[in-house]
Structure formats: C-alpha cells, structure tokens
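# Remarks on the overall topology
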There are 2 protein chains.
Amino acid sequence: MSASRTLVAGVDVGGTNIQVGMVSGDHEVHDRGKVPTPTSGPDAVFDAVAELVADLDGDPVAVGVGIPGVVHAGQVLTVPNLAGWDADVDLVGGLTSRLDAPVTLGNDANVGLLGEWVAGAARGARDVLGLWLGTGVGGALVLDGRPYEGSRGSSGEIGHVQVQPGGAMCGCGRRGCVEAYAGRRMMAGAAHALVGAGRETRLFAIQDEEDRPRPTSSVWARALDEGDEMATQLVDSAVEHLGVAVGSAVNLLDVELVVVGGGLPEKLGQDLVDRIAAAAGPWMLRPSPELRFVVSSLGDDAGVVGAAALARAAVIAG
Amino acid sequence: MSASRTLVAGVDVGGTNIQVGMVSGDHEVHDRGKVPTPTSGPDAVFDAVAELVADLDGDPVAVGVGIPGVVHAGQVLTVPNLAGWDADVDLVGGLTSRLDAPVTLGNDANVGLLGEWVAGAARGARDVLGLWLGTGVGGALVLDGRPYEGSRGSSGEIGHVQVQPGGAMCGCGRRGCVEAYAGRRMMAGAAHALVGAGRETRLFAIQDEEDRPRPTSSVWARALDEGDEMATQLVDSAVEHLGVAVGSAVNLLDVELVVVGGGLPEKLGQDLVDRIAAAAGPWMLRPSPELRFVVSSLGDDAGVVGAAALARAAVIAG
C-alpha cells in the first residue's frame, strides 16, 4: 500500500463543533463528519471524536487532532477555551484508548495553517503568516519552509499583538490587543454596548431571524450587506487595527504571504483580505515586493487536512 | 591546518565606525582594528576595510562583512543609512577586488545576533530575539535553531513594531513605532524639543563636556547617573515602549531568550535589560516559563565575531 493511498483521519476540535475527515496522502478529504462540541468535559469529547472517526469510510493508520490549546512536543500544556478541561487531562491517552491508531496532537491555529500550506492557499510558500478571524483572532507561522511553533508551542498569537496600548479591553485582560477590536466576541460586546448607549443596529435582529445564539459571521455578513452602519463601523475598525498588527508582524518577520481564514473571511472572501492588506501597507517598513495577501482556500477543511498531515508526518517520521 | 585554527576576518561597517577583527574557529578575536566610517562614498569605505584587514595579524581565508543594509542571498538590496550609497553599489565586487579572500555579506543586526549566538549571550538557544538599542532600534532573530532572515532579508525590524499608532513621529515617517520612543536619535530630538519648550536638562552640557557631536550612550548614562530628570523620563518612556514591542514580539514568536545589546545596554548592563523585561511582562499572553532577558556579552565584538562566523560557514558550505 503506497503512502499516498493510506488514509489518515484529521480531527478539528473547535469551541463550537468537532469536524473530522478521512484524508488520503494527496491531502484530499474523502469523507466528513461533524457534531457540536460536547460541553460536559473531556470524556464526552473523546467519545464524540471516536464515534465520528469510526463512522468515517475507511481504516485510518493514524489520527491527527487539532485542539484549541497549547501543544508542545506532543504534550498538551493548556486548553484554555474548552469547558471542564485542565492541564492534567490526558488527551493522547484518552483518544488512543478509544481509537485503534496512533494519535498526534497539534494546536488548532497551527494545523489550520499546515492544511493551507500542504494543500491550500499557502502551498509552496516559505515564510507565511496565517491570520484566523473567529471568536478571537488567532495566528500561525510557517518560517523558512517549515511550521514554526515557538519554544513552548505558543507562537503565532497575533491576536495579542498590541495595536493601541491602554485601548479597548481584550478578553485576555489586557487593553489594546488587536483581538479587542477584531475578534468576533469583543466586536459583539462593543455592539451591545453601543445599543445600550442608544445606537441602532440590525445585528441582533438578524441574529434572531437566523436563529443564532450570537452574532455569527453570517450575521455580520448580512448586516454589512444590508448597509448596517454600526456593523460597518465595527468591521472598518477591525480592519484598521488588523492592519496595524499585520504591519508590525511583517516588519518583524518579512513573510512573503499572509493567509487569512476564519468565519468572516470565508463569508466576505478576498475583498475583506484586500482591505486588510491595504490597511497593513502604511505600517510596513520594507515589505517584500512579492508579499501577497490571500484568503484561505480550504475553508472548514483546513484544520482537518492539517491535522491529518501532522499525523501522517509523525507516523512516517516515527 | 584544522578549521579551528584557520583565521577569518570579521568586519562590522557601522554608520560611525568600521571595526575589524581576526577571528579563529573558536570565535576568539585575536587582533582588532577600528577607524571612523568614511563619508565620501563606497570606494573610500572599501579602501578603509581593505587597509584595516591588511593591518591585522595573520592571513584570513575569508572575510565576513556586516553592513547596515538589507542583504538577501548574498546580494545587497539597500544600504539606507550610509551616505552616498545606492542599491547599484557592488559591495562584493568592490571588496573582493581589494582583498585576497572570498567576501560574504550580512546585515549588521543579523551578524550581531549571530555573534552572540555562536559565542556570546545567546549561545545554545533555539529561539532568540535580538534587540539592538542604538541610534535606532534594530533587531534580529534566531528561530528553530537557525538564523532567520525573512523572505527578502528584511526580518527583525522590531524598531518599527507599532506601540502607539498615531503617536510620536519616527525617523521612518510613520507615527508610533517603538524607535520613535527608544531610538537614541529620536530621544535626542525629543530632548531638544523639550529644551525648546523651557525644560531643563544636563544632557547637552554633558555632551559638550565630553566633546561629543550628539548625546551618545555615555552621555545618556552620565545624565542618568547625575539624576537628570528629563533624561530619566525619556529613558523611562523608552523602556515602557520597548516593553510593549517586545511583548508583542514574544506573543508572536514565543522565543526563549531576548538578548539586548547596543550602546546604552552596554553602559547600563543587566539593570536596563531587567527593566525592559519587567515592562514587557504585562503584555505577554503566555510566555515560556524559561523565557530569559540577558544583556549581550560580546559588546563591540559581536558584529565582528558574527561576520566572521557567517564567512566561515559560507566557505565551509561552499
């Protein structure tokens, strides 16, 4: 059986959903599954992952799992964004005991960029900044032709690059991180506050009409489409502040490519990415003439493909 | 002759001085030379370098040269800070024709960190941010166990990481770069402006007493030592803003080591570095528990040692 025909399962454990896919060596996703992320703790998540993988077509030789936490040298250091998880949870053990294949763990932002790098918008690039716009603002790096995870697996936190020290309050407790302006959670908070101050917006009406628990990317996209003034202003502000953070990152890293993914970029596409590029331009000292900004091309599959690629590399290397 | 006993000349071309040294394979500097950097253009600089190298004890098998410009794949892209230089100057040709040895070029900030990495304060570290406090604020990176230069040789520009967008004017034309607060040129400009506004300082009197053309690091150090209020405030501000920039860089890169060098750190030592570490701490999301801040240990030799190491590696690789 050639390596390209062996199947590896990729698992993307997000705060909202768990997505899985069966991936071949050419990074094609052959079968998919998805469930809401259980909120009752690690065991329920392990069970859900095992069930999703078992339901996929084919027998994986390995399973790769992207999680919203810090992974270093195969070990989980923290999982800050999942309810009921602490540092002592044995992810590898809990998953391996339920799956008949070796398990490799990675950080969700890192495996997302890995997916784009092996099979998507970042393919072939040597120095890449991945920028993920979701509930928060995440990031990941490929530097000098290989994924860069940092000394303890915590690299890529562009969401907490300062763009206005002492400015808007961020979920991390600091003031002025770019996530405070461009993360969907903080943008929704700002919208609530503005409504409280008497401003009007269609955001929350659209949220109700679309039966969403919060303003999702599709809610924001529709509000923009309807010309909602507050939504437009908040997205303008997000873009401006993302420009500052990305400009600072480019000055530090001289990347050749910025890949932008996540909910809102998937809805708004290259137009939003071009706006971020235009906002970043004035802050760059000496960008590469070849610097490009592109929207992610794998969408929801990026994490699944990247997690599978990580596991495949680990199995081959092992 | 063993590799460690072959001699390589290291050359550090700065805006003020050219320094050279004859360096053995164990990174020891055996002989040194130094002249003011000629301001009449490239040919005078080439001549000065050739003469300095010829005057050193021993026959170098290679010459490494650090320059204040962008070097990519051995080619010079720009030399922004030397009078009379433009992108068409053939540095390698001009130097090779005067020196009886192969010439390898590097960026000055990068070769400075390379020196600290092979033989100084950063020895053995895998992920390092070098922070150089001089006329401007420079930087360099070692990532994943190797020097990182970026896609076009322009990485490490931490001086132009934003710490207060729209804030103080920087020499680069932007407002709010950390160099606008922590580069000696801009700090001197602020001192001049404050004197113009009626504030008092001993900075310029000390400059005159020490017969310096501008407030050098030793002038600043003496003013601090005398308790000069304005100098103290400006250095406090530099430290605070450096903390923001370094905090952002650590969030992005998760380095294990920050090495701080340049004139003022050499005068004030680890105390200044500890202050920068303390200022950076509050901005860090999830620093490595092993993260350390140290003052450079090679001082003026860092560039010479690093340039020699670069040339030695090129000759061995070639």
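Residues numbered from 1 in each chain as written. Chains lettered and ligands numbered in written order. Predicted model: local features only at pLDDT ≥ 70, side-chain atom pairs only at ≥ 80, totals over all residues. Heavy atoms only, no water.

Under an unreviewed UniProt entry, the name given to chain A is ROK family protein, and the organism recorded is Pseudokineococcus marinus.

For an interface, size is often stated in terms of accessible area lost upon the parts coming together. Counting residues at the interface gives 48 residues for chain B and 48 residues for chain A. Taken as a group, Tyr148, Leu252 and Arg286 of chain B account for 17% of the area that chain B buries against chain A, more than any other trio of residues on that side. Viewed at the interface, chain A and chain B are joined by four salt bridges. When the shortest N-O distance is used, the salt bridge between Glu157 of chain B and Arg286 of chain A registers 3.3 Å. The tally of links from chain B across to chain A stands at 34 residue pairs in polar contact (both at pLDDT 80 or more). (Contact = heavy atoms within 4.5 Å. Buried area = accessible area lost by both parts, 1.4 Å probe. Salt bridge = Lys/Arg side-chain N within 4 Å of Asp/Glu carboxyl O. Polar contact = N/O pair within 3.5 Å; in protein donor to acceptor, adjacent residues only side chain to side chain.)

Residue and element names in this part refer to chain B. Counting through the fold element by element, Ala191 comes out in helix H5 (residues 184-196). Ala191 sits in the buried class, given a relative accessible area of 0%. In sequence terms Ala191 and Pro102 are 89 residues apart; their C-alpha atoms lie 45 Å from each other. (Helix = DSSP H or I, 4+ residues; strand = E, 2+ residues; numbered from the N terminus. Buried < 20%, exposed > 50% of the residue type's maximum accessible area, 1.4 Å probe, protein only.)

Glancing now at the domain arrangement of chain A. Residues and elements named next belong to chain A. Here chain A is partitioned into domain 1 (3-115 + 300-317) and domain 2 (124-295). Each of domain 1 and domain 2 has a C-alpha centre, and the two are 25 Å apart. Each side of the interface is counted separately: domain 1 has 11 residues, and domain 2 has 14 residues. On the domain 1 side of the interface with domain 2, the three residues burying the most area are His72, Asn110 and Leu113, jointly 50% of the side's total. Here domain 1 and domain 2 share zero salt bridges between them. Counting across the domain 1 and domain 2 interface gives three residue pairs in polar contact (both at pLDDT 80 or more). Listed by contribution, the elements that provide at least two residues to the side of domain 1 that touches domain 2 are strand S5 (70-72) and helix H3 (108-119). It is H3 that contributes the most residues to the side of domain 1 that touches domain 2, five residues altogether. By residue class, the composition of the side of domain 1 that touches domain 2 is seven nonpolar, three polar and one charged. (Domains from an automatic or database assignment. Nonpolar A, V, L, I, M, F, W, Y, C, P; charged D, E, K, R; others polar.)

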